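Chain by chain, the residues run as shown.
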Amino acid sequence: MSDVLAVLEQRDGAVRKVSHEVVTGARRLADALGGGARVDALVLAAGPVRGADQLGGFGADRVVTLTHPAFSSYAPEAYTRAIADRVNTGGYGAVVFAASATGKDLAPRVAARLGRPLLQDITDVSVAGGAVIAIRPVYAGKALLKVRVAGSPAVLSLRPNVFTPVQRPRAGTQESAAVDGSPGRVVVKQIKPAPAGTLDVAEAPIIVSGGRGLKEPANFKVLEELAAAFAGRAAVGASRAVVDAGWRPHADQVGQTGKTVSPTLYVAVGISGAIQHLAGMRTSKVIVAINKDKDAPIFKVADYGIVGDLFEVVPKLTEEIKKLHG
Amino acid sequence: MKIAVCIKRVPDSETRVKIAADGKSLDEAGVKFILNPYDEFAVEAALRLKEKAGSGDVVVISLGPAAAQETIRTALAMGADRGVLLQTQGFHPDGLETAKALAAELKGAGFDLILLGKMAIDDYNHQVGPMMAELLDLPCVTTVAQLEIAGDKGTAEREIEGGVEVVEFPLPALLTTDKGLNEPRYPALKGIMAAKKKPLEVKPTAPGPGALEILSLTLPPERQAGKIVGQGSAAVPELVRLLREEAKVL
């Protein structure tokens, strides 16, 4: 059997958007494995999940919701057991996760429980001679490692924003089953939400990032205003220099000791382009650089550059973007 | 409090990657190696917990080549009590095999906490900690950015998309550390001198071959140098036009 299990995420009872990418990646892998391989989408939740009925559109043959009272939030040990049991009974050729905060925590546990290696945070997947081959950025994206998995199942997690969701309609038959057992020793007590409307840099389709050129923490306001102009599609990122200086939280850092990101649009503002920063954002689809130093290394990787004072250029850009969304 | 910290020797983050002649690995010539930055947070957390408890034992363990003794000495200079090197030859791409080797060393040794960095900045595997927890059947919280230990219970905060998860767990446990947890101390001269005399046990280790085969290591495609649209705010309308009509991202 070479069916593919796509492990999805929900929060507050709704399927998370990154799950559409996981189903898309799983569908692609199933088609590459051939032999009519099916995609089963698996959601763990406390009850019915909103958006599960749309997963057939992205290529899920079947959507299975496993319910347990503890599954209202992430319960690592119970999740691991439920997923590993499902893999063992389902005889899957591959198991696919999102390389999200939860996925990067969960996938290694499931892989270890299955006694299988894990290809974490991959950006491409293919099949040759029946074996799964994946590409993983290493050294923060300064190099790409191509790896073949021997045996089955292959366990993979997909970097967010890389496997663009594609409509590939399949049946998406809905099933639900209750699981029992201990909720586990590790308990999520609460989720403190980030300020309303803020997106995570790892998942945002647009990132507006600032560096030392902003001169002081309060000046990030100009970037927040630009991000806001993108009507909920943009996150504010930061260089290591300004995170180390305490201007911005580590969660916003892009680069080798921060996040490696692949947004559709990356706007680097007042960032010179240190090698460890470039490594973290070079796979962005389009890069714009705004810097007063025309020789800054960031211009070597930018598709479009503006040389000038960011405090004049960025507000003007905000105004123009607002016009588009107006 | 008995704490084990698993650490790794990695190329410095400013390294310019050159591919070795085999086309599958990093050319290490001229590369400076450091203690993995995420592991520094783990070492620092262990030292603070020991200091707070007033007594304890902080053991640093590394799986790696003979040269990783230097990395262990760095952690000893920060204040760890002793080191163990599980000495290997060659490069091991399969994180599960690394986890198995480390877990075998730590199993049954009675640690209250096992700490690791959330990932290594070379292979980006981001998996050895939770795999070890599964193998050792320990409660585990990854990417910890805030930590409180009280008696045999702990509370940790970890960043997730759009928020922070507050997680409770019993000890013994395994945690992986994220940036923001603490400010790792620099080894003082006194610590560096003391580290030379601290015990460092070297155990030859041969991790299993694993089920992953490296086919190639390549440099990513160079981005084509783009264009300077113009100078100052006057160039903004043209930039927006290009983003819409040429790049089609708006």
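Position numbers for residues count from 1 along each chain, tracking the sequence in the order it is written. All chains are assigned letters beginning at A, and all ligands numbers beginning at 1, according to the order in which they are written. Local features in this predicted model are restricted to residues of pLDDT 70 or higher, and side-chain atom pairs are both shown and tallied only at a pLDDT of 80 or more, whereas totals for entire chains, interfaces and linings draw on every residue.

**Side note on the overall build of chain A**
Then, number 1: Secondary structure elements are defined from DSSP: runs of H or I of at least 4 residues count as helices, runs of E of at least 2 residues count as strands, and each element is numbered from the N terminus. Looking only at helices and strands, chain A has eight helices and 18 strands in total.
Then, number 2: Each radius of gyration is computed over the set of C-alpha atoms, and the globule rule expresses the reference value as 2.2 Å times the number of residues to the power 0.38. Expected size for 326 residues packed as a compact globule is a radius of gyration near 20 Å; at 21 Å, chain A falls within 12% of this value.
Then, number 3: Overall size of chain A, expressed as C-alpha extent along the three principal axes, is 60 × 45 × 40 Å.
Then, number 4: For chain A, the proportion of its 326 residues judged to be buried stands at 62%.
Then, number 5: Across chain A, every contact between residues at least 6 apart in sequence was considered, and the portion connecting residues at least 24 apart equals 67%. We call a residue exposed when 12 or fewer other C-beta atoms sit within 10 Å of its C-beta, buried when the count reaches 20 or more, and partly exposed for counts in between; the C-beta positions come from the backbone. Whether two residues are in contact is decided by their C-beta atoms, placed from the backbone, lying within 7 Å.

**A short note on the interface of chain A and chain B**
Then, number 1: Chain A puts 77 residues into the contact, and the matching count from chain B is 71 residues.
Then, number 2: Of the residues forming the side of chain A that touches chain B, the biggest block, nine residues, is contributed by helix α3 (residues 101-114) of chain A.
Then, number 3: Among the residues making up the side of chain A that touches chain B, the classes are represented as 39 nonpolar, 15 polar and 23 charged. For this classification, the nonpolar set comprises Ala, Val, Leu, Ile, Met, Phe, Trp, Tyr, Cys and Pro, the charged set comprises Asp, Glu, Lys and Arg, and every other residue, Gly included, is treated as polar.

**Considering the domain arrangement of chain A**
Residue and element names in this part refer to chain A.
Then, number 1: By domain assignment, chain A separates into domain 1 (4-178) and domain 2 (206-325).
Then, number 2: Start and end positions for the domains come from either an automated domain assignment or a database one. Taken over C-alpha atoms, the centre of domain 1 sits 32 Å from the centre of domain 2.
Then, number 3: Here the side of domain 1 that touches domain 2 is built from residues that sort into four nonpolar, two polar and two charged.

**Considering the pairing of strand β5 (residues 62-67) of chain A**
Residue and element names in this part refer to chain A.
Then, number 1: A pair of strands is treated as paired once DSSP finds two or more bridges between them. Of the pairings in the sheet, the one linking strand β4 (residues 39-45) to β5 comprises six bridges and is parallel in character. When the sheet's bridge partners are listed, D40 is paired in β5 with R62.
Then, number 2: Strand direction decides the pairing type here: β5 and strand β12 (residues 173-178), joined by six bridges, are parallel. Within β12, the position partnered with V64 by the bridge is E175.

**Considering the environment of A:F97**
All names here are of chain A.
Then, number 1: Its place among the elements puts F97 in strand β6 (residues 94-98).
Then, number 2: Given 31 C-beta atoms within 10 Å, F97 falls into the buried group.
Then, number 3: Taking the C-alpha atoms as reference, F97 lies 6.4 Å from V22; in sequence the two are 75 residues apart.
Then, number 4: If sequence neighbours within four positions are ignored, F97 has contacts with V7, V22, G103, L106, A107 and S157.

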